[in-house]
Number of protein chains: 8
Amino acid sequence: MNKKVLKDILSEVRSKKIGVNEALKRLKHFPYQDIGIARIDTHRHLRVGFPEVIFCGGKTDDQIMKIVASMVKSKSPILATRISDTSARKLTKKYARARHNRLARTVLIEASGKAKRGENVGRVAVITAGTADIPVAEEAAVTCEAMGCNVEKLFDVGVAGIHRLTSQSESLHDFDVLIVVAGMEGALASVVGGMVGMPVIAVPTSIGYGASFGGIAALLSMLNSCSSGITVVNIDSGFAAGCAAVRIVGLLGDKK
Amino acid sequence: MNKKVLKDILSEVRSKKIGVNEALKRLKHFPYQDIGIARIDTHRHLRVGFPEVIFCGGKTDDQIMKIVASMVKSKSPILATRISDTSARKLTKKYARARHNRLARTVLIEASGKAKRGENVGRVAVITAGTADIPVAEEAAVTCEAMGCNVEKLFDVGVAGIHRLTSQSESLHDFDVLIVVAGMEGALASVVGGMVGMPVIAVPTSIGYGASFGGIAALLSMLNSCSSGITVVNIDSGFAAGCAAVRIVGLLGDKK
Amino acid sequence: MNKKVLKDILSEVRSKKIGVNEALKRLKHFPYQDIGIARIDTHRHLRVGFPEVIFCGGKTDDQIMKIVASMVKSKSPILATRISDTSARKLTKKYARARHNRLARTVLIEASGKAKRGENVGRVAVITAGTADIPVAEEAAVTCEAMGCNVEKLFDVGVAGIHRLTSQSESLHDFDVLIVVAGMEGALASVVGGMVGMPVIAVPTSIGYGASFGGIAALLSMLNSCSSGITVVNIDSGFAAGCAAVRIVGLLGDKK
Amino acid sequence: MNKKVLKDILSEVRSKKIGVNEALKRLKHFPYQDIGIARIDTHRHLRVGFPEVIFCGGKTDDQIMKIVASMVKSKSPILATRISDTSARKLTKKYARARHNRLARTVLIEASGKAKRGENVGRVAVITAGTADIPVAEEAAVTCEAMGCNVEKLFDVGVAGIHRLTSQSESLHDFDVLIVVAGMEGALASVVGGMVGMPVIAVPTSIGYGASFGGIAALLSMLNSCSSGITVVNIDSGFAAGCAAVRIVGLLGDKK
Amino acid sequence: MNKKVLKDILSEVRSKKIGVNEALKRLKHFPYQDIGIARIDTHRHLRVGFPEVIFCGGKTDDQIMKIVASMVKSKSPILATRISDTSARKLTKKYARARHNRLARTVLIEASGKAKRGENVGRVAVITAGTADIPVAEEAAVTCEAMGCNVEKLFDVGVAGIHRLTSQSESLHDFDVLIVVAGMEGALASVVGGMVGMPVIAVPTSIGYGASFGGIAALLSMLNSCSSGITVVNIDSGFAAGCAAVRIVGLLGDKK
Amino acid sequence: MNKKVLKDILSEVRSKKIGVNEALKRLKHFPYQDIGIARIDTHRHLRVGFPEVIFCGGKTDDQIMKIVASMVKSKSPILATRISDTSARKLTKKYARARHNRLARTVLIEASGKAKRGENVGRVAVITAGTADIPVAEEAAVTCEAMGCNVEKLFDVGVAGIHRLTSQSESLHDFDVLIVVAGMEGALASVVGGMVGMPVIAVPTSIGYGASFGGIAALLSMLNSCSSGITVVNIDSGFAAGCAAVRIVGLLGDKK
Amino acid sequence: MNKKVLKDILSEVRSKKIGVNEALKRLKHFPYQDIGIARIDTHRHLRVGFPEVIFCGGKTDDQIMKIVASMVKSKSPILATRISDTSARKLTKKYARARHNRLARTVLIEASGKAKRGENVGRVAVITAGTADIPVAEEAAVTCEAMGCNVEKLFDVGVAGIHRLTSQSESLHDFDVLIVVAGMEGALASVVGGMVGMPVIAVPTSIGYGASFGGIAALLSMLNSCSSGITVVNIDSGFAAGCAAVRIVGLLGDKK
Amino acid sequence: MNKKVLKDILSEVRSKKIGVNEALKRLKHFPYQDIGIARIDTHRHLRVGFPEVIFCGGKTDDQIMKIVASMVKSKSPILATRISDTSARKLTKKYARARHNRLARTVLIEASGKAKRGENVGRVAVITAGTADIPVAEEAAVTCEAMGCNVEKLFDVGVAGIHRLTSQSESLHDFDVLIVVAGMEGALASVVGGMVGMPVIAVPTSIGYGASFGGIAALLSMLNSCSSGITVVNIDSGFAAGCAAVRIVGLLGDKK
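Residues numbered from 1 in each chain as written. Chains lettered and ligands numbered in written order. Predicted model: local features only at pLDDT ≥ 70, side-chain atom pairs only at ≥ 80, totals over all residues. Heavy atoms only, no water.

Accessible area lost during the coming together of the parts is what is often quoted as the interface size. Between chain A and chain B, the residue contacts involve 35 residues of the former and 35 residues of the latter. Summing both sides of the interface, chain A and chain B together bury roughly 3,000 Å²; the carbon and sulfur share of this comes to 58%. Per-residue buried area on chain A facing chain B is highest for Leu223, Arg247 and Leu251 of chain A; these three make up 22% of the total on that side. For the interface between chain A and chain B, the tally reads zero salt bridges. Where chain A packs against chain B, one counts 14 residue pairs in polar contact (both at pLDDT 80 or more). Counting only elements with at least two residues in the side of chain A that touches chain B, the list comes to α3 (44-48), α9 (187-195), β10 (200-204), α10 (216-223), β11 (231-232) and α11 (238-255) of chain A. Ranked by residue count, the leading element in the side of chain A that touches chain B is α11 of chain A, at nine residues. Classifying every residue of the side of chain A that touches chain B by side-chain character gives 20 nonpolar, eight polar and seven charged. (Contact = heavy atoms within 4.5 Å. Buried area = accessible area lost by both parts, 1.4 Å probe. Salt bridge = Lys/Arg side-chain N within 4 Å of Asp/Glu carboxyl O. Polar contact = N/O pair within 3.5 Å; in protein donor to acceptor, adjacent residues only side chain to side chain. Helix = DSSP H or I, 4+ residues; strand = E, 2+ residues; numbered from the N terminus. Nonpolar A, V, L, I, M, F, W, Y, C, P; charged D, E, K, R; others polar.)

This is the structure in structure tokens:
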């Protein structure tokens, strides 16, 4: 993309359609849109495969509405995360295509035209250790689905009753990517990682008490996993895990 | 595999070739080999795609030699990490196929017969921020190569001179997976993650001083990356990053 | 249990009552019950001696009611911890056998039939350093009592007035297990551990201020106790201490 | 100033206008004003170039009004930071010159007479990585403007879309000082620091979630920046960054 | 014991065999022996069931020899932990009964007469996740054996190959106490704790690298275990785990 | 005290006024009073010089009233710290002698008869760095005054305007003990400690923001003070500092 | 620079001296030099005012020699930091212009031709709290001098004897920038910052013991300084402080 | 002192013996001596009661010798702490009065003339929990003795055998100040603090292993002590404790 733009500009200079100064000016005109409070990165969808996502934490309703309004013309899907119920209601009221997932605290506004890439290109399983980990898992699932993945959910299979998981071990092999969401001691990621050979993305959650320290226990546990090749994202960041899965699955899609 | 073994046993019971007690006993006979000081997981290569790796840290030369000896009959490649020069010499002396990478502190003993899967199935770029991050990067590269990936190295492109990286941005799109190795503030992972859409595995290194706290600064930086979907492995763990890349690339291979 | 089930299945295969595929299917049918939001581990009572406990933190009233409803048919006692007053009222209203301990934030629903094991098999003393540690101590006491232990409470005997404890030292020898609950600097555990030879389970609490850091001071103090053989559970986790005591006392019961 | 006062006192002693004891007493009479709850450092404006600033966090409305009342006679500007809306309303109601910046949580009361130094002596750019960093940036901007700097704001140019920043790189060279405000992984400071040679003051913010730990991730990232010569101030402290910029720009002013 | 001594003294006072002052003096004569650099607690064996153990870390050879010399007359066994090879040689040279376990870094000097309690009163399994955890496990085993327990060792059964453990799950039920020794992410303790109902003592080890932070990752993981009732001792403290097991097993012995 | 009681008992035994068993029983009768939820240490005033203080944090109004009621008969003063306004009102309503200091969050109930020791035995200066540190300083002052010290307050003399302090340096020499209360970077303690030779007790406060981490910055600063012989108490613990001053001043009183 | 290059290329395209593809290729040819193990940023001197500095920590002698050799042709000065004595000797032996400062652990190779900018453009004072902070201070001084600043050193003026500093306070006003180097509690930075109005760059050092935690105490102290506008660099990083001073002083130079 | 000097100067001005400028100059002439690498604070002995102490950590032999040489003319005692054996030998060789305490790592050079204050003015007990804490205790003892205190040592009375301490409780009342030195969980300080009413200075030591984290466990334990009025100094800082004791005892001396 950048390359083509650059080539066009150079060609126009060469053919003297535009002057050197005009070319200089245009070369500085990068693909983003400045709306004052934010700079919308409109080409990110093309560049890295997913749209500018609105992290709503710490943003006012007005800011959110304004940012969405500026984005909605583009053909990319729009995903708002960590959104309050109030903000979500405003969006669903204004945009017919907006779907609110209260548990995941997300609003997804699908692109009007169908996105070309990502037509169910990959199967992602989202697994949780406990019931309390579900909101984070839902955020991951919504993120994956927004990009066209097939998502299956396998909740509450923590290691305190390991047979709940081992009984499922055969079916785990049907997926392209596994997202493992766990708080407390986060041991589930290690156990799953030892069972399968496909990519495992571990999401530590802040679920726990006492010395779980808001997810640090699970985070350290996952980083130090004795099951080789598990990767980790930020505490409670279902969104990050979802994006990481999309990066992998997108790769898969490109090869097809 | 497990399923087939189970089916066979059940069939033999049905056909009364073996008794119930014999079946019970066999069902307990899982695929590992007990050599006293260690239990070699001989089937891991089939199960998760890479062999039992010998983490040599804190093991004596004798223990290492003994473990390798028990593994070498299997058809999987053997990878020894964090190996001392002394131990490495013993291995290379005894096993003709053993290759020592001093920088990466690894010894790789290729399987005698060629591994079926993993014939250059994926292209992995290993990128470092600085010269001092190279040993960790080499460990990642060796791990990937041991599994049959094509690895390219792009060293010393840290963000203090960001143009060194942006000048390469086109070529980054040729890879399936990027491994970004960085110490100090680890910003390189965020910058790379914002440029490309394929999987990015970030490896924080303990390179730095003062408040880098042995890699914590880079670790936190990478976990909190504003570039969505970057995943992180343990500090200095080139091996973990390599395995994570192999999981992805293996996935790719399966689809081909 | 597992062994018997397995034997039965194998026998049925042998006698051709069931086919191999049916056996395979049954072997995967592990003892848990999937109710969508949670997988109830109905056999845990038999396996490890206490029922699936419902940690209510972060669960909605609906989720709690649903989980209890699915459990109540089993013969195990049900223990809900960290329960809010509102949720507790709903449970006590619906289940006549439900007893609410507000201080301990627990609801206990005894099994309808009497549990066989655990008829006052052991004597557990729950000791606190201060008045503010009592809620954690009560959670430990409820947990022990739910499993049939005899519990005695000895509150507010902290080391600032060590004679309050030394005057009791004779009577401490009458117990099978001591649970020591202390916040601030947690020194009580060391002092008690130096006085007696039976198992001492230390529970650090988040009581304190300033540099107590939510219980870290007490936790570290207890882990580093110069009184040998003290074991430690998570901060504020009266429940964990209770379970640990039950594990010991249950052992005792088995030997009787 | 101190020197002159001292000289005058000594001269009066010499000329016997005052006695030794009187001189001793006066020498102890340092330039501050005791109003009971606070000691107003009335000469700080002369000494270090900016007035006593009222950090309103943890002060009552009464205390704030009392402190302002005692300051307002001096010719220095008065800056109240971290002020609540309620307190701000009281100030703007009482003092006509008081300007409230709600986003920055500041009230500025300009000196009645114009301050001599600081008439647009320097150009400061305040740059943020994201929209959520704006309040901290505004506090920095208000602080700089209160001291007579020209401030320009460049918001939401984080490294996830690095081209948004590189497109601006030429114009960055027009400033004397850059204040870079960023949360999450704080990588923006490193990238900016690698582009320019003038002073860069990095302000980590507590924006982020999970393992950002209230700004620690960004703080460590900035302290460990591989771009040489970046300096760092306290988390969320737009005020500190503003003062640091004023110190530099004041220096510049002195040379003119 | 204390009680009897007290009664005797009081009786002697009553019968006027001794005067009040003599009684006062004797009452202060507590059961320890002052050898200058240390106060040997000669009665601890009777009081809490195991002897004064010599933690050799930071003690000179001379100090160790002196302390042992003063202890050796008592009938308790003597256990020296964290002992250097040099010190150990000196002890084994001087005391025929001294046994050196180099891996565990212990020297054990059995009591000349047989200890009454502790004749194989309990069966303790010591389980490790990896080969590198063995020294800590050995320290636990030596401690248990010194007190008369039957110890079985089950090494290298970490969760990366979970079948190595599940294949053993039946035999785990034969033990009274399980000591689980694991570094890295310490997940083994949770998995074991979910399989059995007897006491599980978890020992985090400092084995690991990167973000294992010298055992903190394993420690937090174990404290936050979702398997209820696991207790934890200090990092690398096989000795503490051994003592904790002895406390439990001793309890068991008392009941027999 | 204890000694006399013991002697009396022994004499009574000798003179056969009481039997051995009665003596045994009495010897166990230690000087505290058990009121169920708490064990009041009624003799602490005699033993360590100040009464049982009621730390009200986490106690209900009922518990506080009950504890006070059981104490009020003793001749010691009663000090309730961290008390809520509601609880304080109840106490002042019921006990005429109760004085509430809202800033310090204390209620003091003087003993009805005058305490013998502590009649203005010492002069304590309580110094704060800023206005926001005053509540902690007031708690220290109330504690000292309750024990009969003369307290002087010197507030808001932080090092940002060091002349405010150096101008006072002469008068600092008039005190027996200095309590220095400071948040943020806590540098005031070092500066004061370098000026004077009498005991300096440093109290870190949680005042500050960003990387002050709730008082850790000030705590570490004070522990590492380059001014020799400064001692430190817990964060925000004006009470601890007051008690420490009373210990010193009491010592002084004893010598008079 | 970049702008000029770009303009030239565009002009050549316009004048058809070069084709579009050639232009494209040149535009990608960024100003760095790839020597395999490192990418030398040859234009950094022009861009940010100081040369590529070689951080020697973790580099082999060969790597250092190779990097220097590739840099030495450029007209920028070369600064090697954290260099070992051995490496330093090799450099001084090979390059006549190389000057080794053992205390600062630096080697400086001045540019053969004189650098245009930075002819004594600014006066920087480097102040230390103690004697042990001197190596860090020397690193800062060398860095400043390499860029043409006038540096004065004022060592061992810590706050334990505050008069040593206040006696110098007049002379502090003669400098453009103050670098304050302090370990332990780092209070010196606050005291200096309260005395002067020019930029103060604080460098925490790892000097101290116990709870100084390798410089964390000083770092937090400086970040939380109550003296407004102090900026902080990484622990022990005299180099970073020097660069920060050069950024300020260079600014000053540009205005002259 | 300062006051007198000032008065003299002012009187000389008044009597015109000296001019205003000369007075100004003298007023700046503060009582310290600049020897290049260090500024000796020669008047500290008078000001705060103890001499400039040489913390030898990180100083070369030459620096130490030079500093001692410049101090030895003054009448204050000289104390070198954390001194190596080599440096100590040099000092004892050169200065006849120098006494080396190898355990405490100190060299003390008594003043030639007797110090006036501090002739056995106070009785200090130094108590340790274990044998390994002795070096820190010795440093405290040497510091106290250097200033003329009577020091008694009571080693190895940790709480694991609490009777060793309680048997001593009467005799503790004979001291003016208690210094309690303890590592591991540091509980000894709380127990001692609950027994006595005089000042208790707690010194956490880095003795311990696992989660003692180099003394943090003991430090936190002591800061959070439930025994009121205990004060704490830096980890392992026997010197700081000694100085704190001297401050208290000196106070006592002043009153005599």
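What follows picks up the thread again.
Once that is clear, we can look at the pattern of salt bridges. One pass over the full model with this rule turns up 48 salt bridges over all chains. Note that Lys153 of chain A is salt-bridged to Glu138 of chain A, the shortest N-O span being 3.1 Å. A residue pair is termed long-range when its members are at least 10 positions apart, and Lys153 of chain A in strand β8 (residues 150-154) and Glu138 of chain A in helix α6 (residues 134-146) qualify at 15 residues. Lys90 of chain H is the partner of Asp61 of chain H in a salt bridge, and the nearest nitrogen-oxygen pair spans 3.0 Å. Here Asp61 of chain H is found in helix α4 (residues 61-71), whereas its partner Lys90 of chain H is found in helix α5 (residues 85-94), with 29 residues between them in sequence.

Inspection of the secondary structure puts Ser237 of chain D in the loop between β11 (231-232) and α11 (238-255). Linking Ser237 of chain D and Ile18 of chain D, residues 219 residues apart in sequence, is a C-alpha distance of 47 Å. Sequence-distant contacts of Ser237 of chain D, that is, excluding residues within four places in its chain, are made with Arg82, Val136, Glu139 and Val203 of chain D together with Tyr209 of chain F. A distance of 3.3 Å separates a polar atom in the side chain of Ser237 of chain D from a polar atom in the side chain of Tyr209 of chain F.

Okay, the relation of the copies chain G and chain D next. It takes a turn of 180 degrees to lay chain G on chain D, together with a shift of 0.1 Å along the axis; the resulting RMSD is 0.2 Å. As the rotation angle and translation indicate, the two copies are arranged about a two-fold axis. Comparing interface residues between copies, 100% of those in chain G also lie at the interface in chain D; the contact surface is shared. (Least-squares fit on C-alpha atoms with pLDDT ≥ 70 in both.)

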